[in-house]
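Observations on chain architecture
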Amino acid sequence: MGVGSMLFPVIIVGGIGLLSSIILVVAAKVMALPADELFDKVRAELPGANCGACGYAGCDDYAKAVAHDGAKTNLCVPGGDAVGHKLSEAMGVAFEDVEEQYAVVRCSGNCYATDSIMDYEGKQSCAACNFFYQGKGSCSHGCLGYGDCIAACQYGAISIVDGIAVIDKAVCVGCGMCAKACPNHLITVIPATSTVYVGCSSHDKGAFTRKVCKNGCIGCKKCEKTCENGAVTVTDNLASIDPRKCTSCGACVTACPTGAIVTCASRCEAIVGE
Amino acid sequence: MSNPNKPSNWRVLTNGILKENPTLVLILGTCPTLAVTTMAVNGIGMGIAATVVLICSNIVISLLKNIIPDKVRIPCYIVVIASFVTLVQFIVKAYAPDLDKALGVYLPLIVVNCIILGRAEMFANKNTVLASACDGIGMGIGFTLALFAMGSIREILGNGTWMSGAEWLGIQNGVSLHWDNPIIVFLLAPGGFLVFGALIALVNHLTHGKAIKKKEFGCAGCPSAAACAAVRKGGADE
Amino acid sequence: MKEYLIILVGAVLVNNYVLAKFLGICPFLGVSKKLDSAFGMSVAVIFVMALATAVTWPIYTYILVPKGLSYLQTIVFILIIAALVQFVEIALKKYIPALHKALGIYLPLITTNCAVLGVTILNLDEGYTFGQSLVNAVGSGLGFLLAMVLFSGVRSRVDAAAGSTPKAFQGIPITLVAAAICSVSFMGFSGIVDGLFK
Amino acid sequence: MKELLKPVVVLTVICVVASALLGLTYDKTAPLIAQAEKEASDAAMQAVVPGSTTFTELALEGMENVLIAAKDDSGNGYAFKVKDKGFGGVYNVMVGIGNDGRITGVKLLDNSETPGLGSKTGADAFTGQFPGKDKSLEGVDAVTGATISSNAFFRCVDTAYQAYEAVGEGA
Amino acid sequence: MSVLQKTLKGAKVAHFKNTENCESTPMPLPKEVCISMSQHMGPPCNPLVKKGDAVKVGTMIGDSEAFLSAPIHSSVSGTVSAVEEIVTATGSRCQVVIIQTDGEQAVDEAIKPPEIENHPEFVKAIRASGLVGLGGAGFPTHIKMNPKNLSEVDTLVVNAAECEPYITSDYRTIIERPQDILDGIAAIKKYVGITQVKIAVENNKPQAIEMLRRLTGDDPSIEVCSLKAIYPKGAEKVTAYETTGRVIKEGMLPADVGVIVENVTTTAFIGQYLRTGMPLVTKTLTVDGGAVAEPKNVVAPIGAHFSDVIDFCGGYKCTPKKLIMGGPMMGTLVFDDTYPVLKNNNALLAFDESQTAVYEEQPCIRCGRCIQACPYHLMPRMIEKAYESDNIPMLHKLKVSLCMECGCCSFVCPAKRNLTFTNKMAKQKLRAATAKK
Amino acid sequence: MITPSPHFRDDINTRKIMLTVATALLPALVMSIFYFGIRALLLTAVCVVSCVVFEYLFAKVTKKPVTISDCSAVVTGIILAFNVPVTLPFWMAVFGSFIAIVVVKCLFGGIGCNFANPAATARIFLLVSFGNQMTHWIAPHAAIDAVATATPLKLISAGQTDQLPSLWNMLIGNRGGSLGETCALALIVGGLYLIWNGVIGWQIPVTLIGSVFVFALLFGQDPFYAVLSGGVMIGAFFMATDYSTSPVTTKGKVIFAIGIGFITMVIRVFCNYPEGMSFAILLMNILVPHIDSLTITKPFGAVFEQKKQ
Ligand SMILES: Cc1cc2nc3c(=O)[nH]c(=O)nc-3n(C[C@H](O)[C@H](O)[C@H](O)COP(=O)(O)O)c2cc1C
Ligand SMILES: Cc1cc2nc3c(=O)[nH]c(=O)nc-3n(C[C@H](O)[C@H](O)[C@H](O)COP(=O)(O)O)c2cc1C
Ligand SMILES: Cc1cc2nc3c(=O)[nH]c(=O)nc-3n(C[C@H](O)[C@H](O)[C@H](O)COP(=O)(O)O)c2cc1C
Ligand SMILES: Cc1cc2nc3c(=O)[nH]c(=O)nc-3n(C[C@H](O)[C@H](O)[C@H](O)CO)c2cc1C
Ligand code: SF4
Ligand code: SF4
Ligand code: SF4
Ligand code: SF4
Ligand code: FES
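Residues numbered from 1 in each chain as written. Chains lettered and ligands numbered in written order. Predicted model: local features only at pLDDT ≥ 70, side-chain atom pairs only at ≥ 80, totals over all residues. Heavy atoms only, no water.

**Overview of the overall build of chain C**
Summing up its helical and strand segments, chain C has 10 helices and zero strands in all. Each helix (α) and strand (β) of chain C, taken in turn from the N terminus, gives the series α-α-α-α-α-α-α-α-α-α. Relative to a compact globule of 198 residues, whose C-alpha radius of gyration would be 16 Å, chain C shows 18 Å and is just as compact. Overall, the C-alpha framework of chain C stretches about 60 × 50 × 30 Å when taken along its three principal axes. Looking at the 198 residues of chain C, the share that counts as buried comes to 64%. The long-range share in chain C, meaning contacts at least 24 apart out of those at least 6 apart in sequence, stands at 79%. In the form shown here, chain C has an accessible surface area of approximately 6800 Å², with 68% of it arising from carbon and sulfur atoms. Of the charged side chains in chain C, 12 are positive and 7 negative, and the gap between their average positions amounts to 9 Å. (Helix = DSSP H or I, 4+ residues; strand = E, 2+ residues; numbered from the N terminus. Rg over C-alpha atoms; globule rule 2.2 N^0.38 Å. Buried < 20%, exposed > 50% of the residue type's maximum accessible area, 1.4 Å probe, protein only. Contact = heavy atoms within 4.5 Å. Areas by Shrake-Rupley, 256 points an atom, 1.4 Å probe, with all protein chains shown as cover. Lys, Arg positive; Asp, Glu negative; His and termini not counted. Charge placed at Lys NZ, Arg CZ, Asp CG, Glu CD.)

Shown next as structure tokens:
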């Protein structure tokens, strides 16, 4: 009893434990390969959405680039500042602000502003509808409203309001997946600081645009003249705002005779107001 | 997960029962779940055995967490767990030999039950002794309840009885439905898979139901999408 | 020869570890999404099962039993398997990187796969000789492979139609239901061992 | 060196402590386990040979299907633990045979028959038919739907009779 | 074609050749024509006229330097009233020249029969005629007549299969203008160096077969092949294979296997052009469908509005539900009847309510009919699945790029799935994905 | 109206196909009523109604479009009924319908999405659950509570070949067996009707029957009895041909049918179950995704790049 009954178990299990730990430790030493710890560390911090907003083919690819190719640490848009900080910490480099972005739909042709020209009965998707006359709307540049972008958004930021896509800035992380999905390339990702943007993508002549859509940009250049900062330019019948110059003063919004320049606040209200 | 205020021990304990039920939500330890639940009472037996191991090993591992070097972490955990499993085996063999027969090879296999190693890795390794014990209790109860539920369904449908063979628990004969033709398939492997799937679906429905619906509304152009988005926005601010 | 065949056929078709004995369900559910990974995982499992059996059988028979220490079975076996798997991983990584690339990612998953510990214990419960144990280990592994490979096809079908599956059943639940159907189909083979080797 | 040694030491110490504890508990529980096992076996033997209390094991040679052959110390009969192959695999039966060569009782022990089908061969409805029957088992009905299991049971009884005859000759 | 050769599969589509006995009749001159600058494969032409210019019949009003383009001529005499941009039914944008007719139909002075001595001159003349494939694709014919491997091209396949339901314009060409066809064949034989000619006709046009056989009976180099009327025997690769047994492999041109496939009306036009020198300014279309009062074959000036064409056919009997430009299997829908007639239009169908069931897509039942029906042995259902799951490698493996959008798969699908259209989208997706790489 | 081409479709649809199959099953139903009495009709009705009701309820509960109008549940119901003994208690038949429609079909997404044959799987679940009732076969024209009779397969596996019914009786179905499987002639007539209608191809039935014949010869059994007994005929014409659960390509169909023939004979000859048709169908169903991906067709004129080393 006592010592005797404990002796053999101790010897055997202890022995096996000793042996295996020695083998493992030695093996780890002898056969050691440089582990890619840096990669693991970086990868662990990334959100894993694999959205590609960073410009790399998914999170793994970006992690590799950060760990080994000196890629910037602030490229992960969904992760925002928090991830940027962590990556910088992991890499031991100074942190630069992640430029927070969000996506906007450059179309205001909702069902009150524009008409549908045809009775489309085919597959209910933007890409499909776009095969016919570039979509069912009287404006061939406009939002088709079948929500291909909604399907692409992992974050549920998009909804269709009055027949056009509207993006909720509060939810959108700026990954740009929706921009890739839209067959009419209506969605662009802009800096979070710019709250004024042009809600139209039609390069058609003003007269034509006026005919087909109440809210379209007719290229009248009033905005260009109004803007004190020279942020607005009209090229090819369509206004565009340079976010670096824009101070979000809203002067152009009031100046626009058709309401083609919008603020994101007014758009988001539309969502809530529904 | 960088939440600074750690959940209270009570929260940790109750988490395991439904919200993070190891069997039905985390889907850990599937083999014993499927294998031993032909009788409700086997579920209880397996559950208790695993719970004991879980609590003890959680405590010991969280005690040792600073001593164990990384290289031999897994072997060390396993030795600790295996010891407790062997202890439990002794006890069951001595006091409930029928249960021992019913659990068969799955009793020693508690060692590799992912719940236990998983909790050791994910929880005990990082938390205080008390929290780890609570986690063990919570997870253990969750595991036991799930097994008991599965065992009950399978026994009732497949054998027309309930809680039979529970002599070691002091219950004589259990309940018999006097059913001439129970649906035997529920006692067999396919029935196990089926009931397990149905139970997980049920829990899915109970816990995620709302969440899934919300997401669906946001995406599918449903009339209330906007309201939903607003709700979600409110939720994010919380 | 015949007895080995009996064990082999039985292990693959009748007492299939996954579909009849409920061992190794975690990888069965987790790694069966794609044919490649299902195959890779299974090969790794066969390999480790055979290796573990080859090591644990002699230790049990020649060390534990003579000393009356068979109760140490669990702790000794799992310790050996854990160390073995880790060692194999390190060794493969160093010496056969190609193989490591194919199987390496699955190896860490195997320690907590009940099928491996299960086969070493069940071999002894059945009273198999060393040779029989090895055959049983390989056979069980092959059974695992068969189930995984068959199931990966089913998974591809089930996952492709996932959109039309009721929400609550998406993911694991529907996979389990599919497993139920596969497992019931294997019941058709009951008695094949006696039938073949009468 | 220290970083190399630490894992080794820690694991070894844990192993040593764990195994020491296990050894101790085993010492404590081993008798209990043995007792539990013996009780179970005795209970089965007592169940098939009414009136018996203690048994003496008999040595039997050349009958590999007979696991235990025992004689009731108070002379009520013999108990044989016999194994065979059922539908699902192992199939162990305890058969009690009185001195008159008639069955005193039977009990299904370890088996892996299908619950609800083959396992019915362990139910009283089936085993209750045996006491009083002789070797021919006349009038014993198989369980419907479980012919294979029933046949396994019959073979076990048959084996028990062979053992009984062997013992009888020896005695 | 050898006896052992298997014919390609397809769908048993009803023929509805209601207008086969309707002689093609010229329509009265419309008030206005609207001539598109994009009536061929390849980049659109640049308008050569501006608002206010006077034009005559045959005046060149559009041309382009681009390789795959053919010039465009005015079909009427009158004044250009506008040059503007429209969105076409297939979703591209192009310019149109709108001409108000003066009713005189004065012919441009430059028009005279071409003088041709050799192959280069032949090609040049064909280009000048503005001829594009009249079989549907609108591929500029002069490019076909000028293959890189001229010496290896030995076979002309005249495609008179006309496999689409309803359409009979090619059939009318055979019946009414056999001499043009023979002249065209003779010219191509002469200048392109063709040694054998196959005329492919579906066996649902026995009269045409009989007539062509009679006319070509004494010429051993011309064979009239009667093809089983299983849609789509008129598709280029199918026609070439069924008549010559040659397989035009992926990425190959017909010329690579020594074949030129030419629509029968295209061929007839060549014959006519060499005689008269009048470029391609009119087109015969079959006007049919339940909503048309008097279905007929109409010779319409290119650029005529559909509404004018239909008015000539007695107008609408009832409100048309679908206006199809082309045949019902491959044609494009237009939503209003102001759309102009293009060079490669061969039919205008106005379907009424009863002809336009809305097919609701139901779940695929995996019957495999689409796979059995595809003439190219593609697997439309699998393509659909790969498309839905964004599986680009699978789309590549399934060779969706080969799909000719014939419509057989959608036609046979009992679940009414839009397989052909999905293939079209999948092709686009695959192209986009490969372009990115 | 704008829709994608083609603007012209065949007038076939899912419902027509299913009704054709149901029609093709009628001769066998009539024969089984003739042999087994009115309960055969009742049992079939119970199966059909419960299948349809389950499909309806499932759609309602999960808030999906109700699809019972495609009539596929009717076919499933009839085939399920044909696969059970006429004596089966009704509630068991209802349980079988539940397995077939809810578990095997609807959970996986409904028609076309199920990987396993609903009726065959349900039959196996029933067989495993209610071994007694599922093997309680009565002789033709016998009372429902008559003593069980042996099926030809049971006789073959028991070696009592001298008691086998004549081949003629096998053909016209004058033998014990499941409700709808006995009359080979009626099933063949129904099957030919389907082939003639283009609902099924000839490949699966012909290959399947052929392979059962060949493997029976190889395993030393009378091939004619092998082909005419058990569920070979109903399996070959109606169950192995189920669209959802058979390969889509011709080559795949042939492989599939050979596999079924082989496994059927292996189970019959070597395993505990006297009949292996439904197991074989189910096992091969599981292989269908792999068969499908191995038998992708080579498109006309396709050029595949050489594999890069
Ligand atoms: C899942 C399943 C399990 C079975 N289990 C047993 C069993 O444990 N014992 C047995 O004798 N028969 C069992 N059978 C039935 C046999 O396969 C066979 O049908 C039966 O022995 C013939 O019985 P009978 O002649 O008594 O009707 C089982 C059948 C099934 C479907
Ligand atoms: C770039 C290009 C070059 C072609 N060159 C030739 C040619 O040299 N010879 C020829 O017979 N067809 C040529 N083709 C024509 C096509 O093979 C085919 O006839 C045309 O796309 C119309 O076919 P469809 O009406 O069946 O779509 C060419 C096509 C393209 C796109
Ligand atoms: C599905 C399909 C069907 C076609 N049917 C015909 C037809 O019936 N008659 C025809 O001339 N061209 C038909 N074509 C066009 C031919 O492929 C080919 O482009 C034409 O014969 C070439 O002659 P062209 O350049 O003179 O038009 C079809 C094309 C496709 C894709
Ligand atoms: C030719 C044919 C055979 C069928 N066979 C079966 C069958 O064996 N079992 C079944 O449940 N349904 C069968 N069905 C009905 C239906 O296709 C089946 O419910 C699908 O599996 C549902 O996805 C069949 C349908 C057809 C057209
Ligand atoms: S709205 Fe667009 S950019 Fe914003 S999260 Fe969604 S997909 Fe990304
Ligand atoms: S924004 Fe683009 S993708 Fe989104 S609904 Fe409009 S057209 Fe479709
Ligand atoms: S896949 Fe393309 S080529 Fe094949 S039938 Fe369909 S449309 Fe025609
Ligand atoms: S024809 Fe339609 S239902 Fe049949 S397999 Fe193809 S897509 Fe599916
Ligand atoms: S519990 Fe068995 S493998 Fe995870």
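**Observations concerning empty space enclosed by the protein**
Residues and elements named next belong to chain F. All told, the structure shown has 14 cavities of 30 Å³ or more when counted by the stated rule. Approximately 330 Å³ is the volume found for the largest cavity. Around the largest cavity, the lining is made up of 25 residues, and of these Met18, Val75, Thr76, Asp242 and Tyr243 lie nearest the centre. Looking at the lining of the largest cavity, the elements with two or more residues in it are helix H1 (14–36), helix H3 (72–82), helix H5 (118–129) and helix H12 (232–239). With four residues, H3 is the largest single contributor of residues to the lining of the largest cavity. For the lining of the largest cavity, the residue count by class is 16 nonpolar, seven polar and two charged. (1 Å grid on protein atoms, 1.4 Å probe; cavity = no way out; pocket = protein on both sides within 12 Å on 5 of 7 lines; lining within 4 Å. Points joined across faces, edges and corners; volume = space filled by probe spheres on them. Nonpolar A, V, L, I, M, F, W, Y, C, P; charged D, E, K, R; others polar.)

**Topic: the site of ligand 2**
Residues and elements named next belong to chain E. All residues adjacent to ligand 2 are Met41, Ala137, Phe139, Ile143, Lys144, Pro147, Glu236, Leu253, Pro254 and Ala255. The side chain of Glu236 places a nitrogen or oxygen atom 2.5 Å from an oxygen atom of ligand 2. Considered on its own, ligand 2 offers 630 Å² of accessible surface; in the complex 69% of this is hidden by protein. (Near = heavy atom within 4 Å. Polar contact = N/O pair within 3.5 Å; in protein donor to acceptor, adjacent residues only side chain to side chain.)

**What to know about the domain arrangement of chain A**
Parsing chain A into structural domains produces domain 1 (37–91) and domain 2 (101–272). A C-alpha centroid distance of 31 Å is found between domain 1 of chain A and domain 2 of chain A. (Domains from an automatic or database assignment.)

**Here's the deal with the site of ligand 5**
Around ligand 5 sit 13 residues in total, of which Cys153, Cys172, Cys175, Gly176 and Cys178 of chain A are the nearest. Across the shell around ligand 5, the residue classes break down as 11 nonpolar, two polar and no charged.

**Side note on the packing of aromatic side chains**
For the structure on display, the rule yields 48 aromatic pairs over all chains. Relative to Phe80 of chain D, the ring of Tyr78 of chain D lies with its centre 6.2 Å away and its plane at 15°, an arrangement referred to as stacked. With respect to burial, Tyr78 of chain D and Phe80 of chain D carry one shared label: buried. Among the aromatic residues, ring-to-ring pairing joins Tyr120, Phe131, Phe132 and Tyr146 of chain A together with Phe421 of chain E into one connected group. Over the aromatic face of Phe90 of chain F sits the side chain of Arg39 of chain F, whose NZ or CZ is 4.3 Å from the ring centroid. (Phe/Tyr/Trp six-rings, centres within 6.5 Å; stacked < 30°, edge-to-face > 60°. Lys NZ or Arg CZ within 6 Å of the ring centre and 35° of its normal.)

**Regarding the interface of chain A and chain D**
Taken together, the contact pairs 15 residues of chain A with 13 residues of chain D. Summing both partners gives a buried area of about 1200 Å² for chain A against chain D, and 81% of it is carried by carbon and sulfur. Remark: the boundary between chain A and chain D carries zero salt bridges. Linking chain A with chain D are zero residue pairs in polar contact (both at pLDDT 80 or more). A class-by-class count of the residues in the side of chain A that touches chain D yields eight nonpolar, six polar and one charged. (Buried area = accessible area lost by both parts, 1.4 Å probe. Salt bridge = Lys/Arg side-chain N within 4 Å of Asp/Glu carboxyl O.)

**Side note on the interface of chain E and chain F**
Each side of the interface is counted separately: chain E has 60 residues, and chain F has 39 residues. Between chain E and chain F the total buried area reaches about 4200 Å² when both faces are included, carbon and sulfur atoms providing 63% of it. The interface formed by chain E and chain F contains one salt bridge. As a salt-bridge pair, Arg366 of chain E and Asp292 of chain F come within 3.0 Å of each other at their nearest N and O atoms.

**Looking at the confidence of the model for chain A**
For chain A, mean pLDDT is 81; residues scoring 70 or higher make up 88% of the total. The secondary structure element of chain A with the lowest average pLDDT is helix H11 (residues 264–273) of chain A, at 67, and the one with the highest is strand S7 (residues 238–241) of chain A, at 92. (pLDDT = per-residue confidence, 0-100.)

**Considering a nonpolar patch on the surface**
Nonpolar side chains collect at one region of the surface, where Leu18, Ile22, Val26 and Val30 of chain A together with Tyr95, Ile96 and Leu99 of chain C lie side by side and expose about 600 Å² of accessible area between them. At four residues, helix H1 (residues 3–30) of chain A tops the list of elements feeding residues into the nonpolar patch. You can see Ile96 of chain C is positioned in the loop between helix H4 (73–95) and helix H5 (97–103). Given a relative accessible area of 41%, Ile96 of chain C falls into the partly exposed group. (Patch = residues over 30% accessible without salt bridge, like charges linked within 9 Å, V, L, I, M, F, W, Y side chains within 5 Å.)

**Remarks on the packing of helix H10 (residues 380–388) of chain E against helix H13 (residues 419–436) of chain E**
Residues and elements named next belong to chain E. Put simply, H10 and H13 touch, their axes get as near as 9 Å, and they point 50° apart. Here H13 runs oblique to H10, going by the angle between their axes. Between H10 and H13 lies a crossing of left-handed hand. Touching Pro380, Arg381, Ile383, Glu384 and Tyr387 of H10 are Leu419, Thr422, Asn423, Met425, Ala426 and Lys429, all from H13. Its residues assigned to classes, the contact of H10 with H13 comprises six nonpolar, two polar and three charged. (Axes fitted to C-alpha atoms, helices over the stretch in contact; angles between N-to-C directions. Parallel < 35°, antiparallel > 145°, perpendicular 65-115°, else oblique. Left-handed = near helix turned anticlockwise from the far one by under 90°.)

**Some details on the UniProt feature "transmembrane region" (unreviewed entry) in chain C**
Taking the numbering used here, the UniProt-annotated feature "transmembrane region" (unreviewed entry) corresponds to residues 6–31, 43–65, 71–92, 104–124, 130–151 and 172–193 of chain C. Taken end to end, residues 6–31 of chain C is 58% helix and 0% strand, and its first and last C-alpha atoms sit 29 Å apart. (UniProt positions renumbered as here; feature names shortened; annotations may be inferred.)

**Let's talk about the sheet that holds strand S15 (residues 322–325) of chain E**
All names here are of chain E. In spatial order, the strands read S1-S14-S13-S17-S15-S16; together these six strands make up an open sheet with mixed pairing. The outermost strands of the open sheet, each flanked by one partner alone, are strand S1 (24–26) and strand S16 (332–334). On average, adjacent strands in this sheet sit at an angle of 30° to one another, irrespective of strand direction. The sheet contact formed by S15 and S16 spans three bridges and is antiparallel. Opposite Met325, over in S16, you have Thr332 as the bridge partner. (Pairing = 2+ DSSP bridges.)

**So, the arrangement of the chains**
Looking across the 13 pairs of chains in contact, one finds the most contacts between chains E and F. Chain B shows no contact with chain E. Their nearest C-alpha atoms sit 16 Å apart. Here chain D and chain E are not in contact; the least distance found between their C-alpha atoms is 38 Å.

**Brief notes about a positive patch on the surface**
A surface patch of like charges, here positive, comprises Arg210, Lys221, Lys222 and Lys225 of chain A. Mapped onto the secondary structure, Lys222 of chain A falls in helix H9 (residues 222–226).

**Things to note about the sheet that holds strand S10 (residues 196–202) of chain E**
Residue and element names in this part refer to chain E. Within the open sheet, the four strands sit side by side as S11-S10-S9-S12. Their pairing is parallel. Each edge of the sheet is formed by a strand with only one pairing partner; in this case those strands are strand S11 (222–227) and strand S12 (259–263). Strand-to-strand twist in this sheet, taken as the mean axis angle between neighbours without regard to direction, amounts to 25°. As defined by bridge partners, S10 adjoins S11 across six bridges and the pair is classed as parallel. Bridge pairing links Val201 to Ser226 in S11. Its contacts with the sheet place helix H5 (residues 206–216) against S10 and S11, and it is angled at close to 165° to S11.

**Observations regarding the nonpolar core**
A general feature of soluble globular proteins is that nonpolar side chains tend to end up buried together. Counting 255 residues, the largest nonpolar core has Val76 of chain C together with Phe238 of chain F as the members making the most contacts within it. No other element matches helix H4 (residues 73–95) of chain B, which puts 13 residues into this core. Dropping the residues within four chain positions of it, Phe238 of chain F is found in contact with Val21, Ala24, Leu25, Ile79, Leu187, Gly190, Gly191, Leu194 and Met233 of chain F. Grouped together as the second largest cluster of nonpolar side chains are 68 residues, Tyr120 of chain A together with Ala89, Ile371 and Ile383 of chain E included. (Core = buried A, V, L, I, M, F, W, Y, C linked by side-chain atoms within 4.5 Å.)

**Let's talk about the pairing of strand S5 (residues 103–111) of chain D**
Consecutive side chains along a regular strand alternate between the two faces of the sheet. All names here are of chain D. Alignment of strand S4 (residues 90–98) against S5, held across six bridges, turns out to be antiparallel. Looking at S5, one finds that Ile97 is bridged to Ile103. Here S4 folds back onto S5, and the loop between the two strands holds four residues, one of which, Gly101, carries a positive phi near 80°.

**What to know about the side chain of Lys237 of chain E**
Among the secondary structure elements, Lys237 of chain E is positioned in helix H6 (residues 236–244). One buried charge, Lys237 of chain E, has no salt-bridge partner; the nearest side chain with opposite charge is Glu236 of chain E, at 7.5 Å. Not counting residues within four places of it along the chain, the set of residues in contact with Lys237 of chain E comprises Ile248, Tyr376 and Leu402 of chain E together with Phe300 of chain F.

**Focus on the confidence of the model for chain C**
The pLDDT averaged across chain C works out to 86; a share of 95% of its residues lies at or above 70. The ipTM value of the predicted complex is 0.85, and its pTM value is 0.88.

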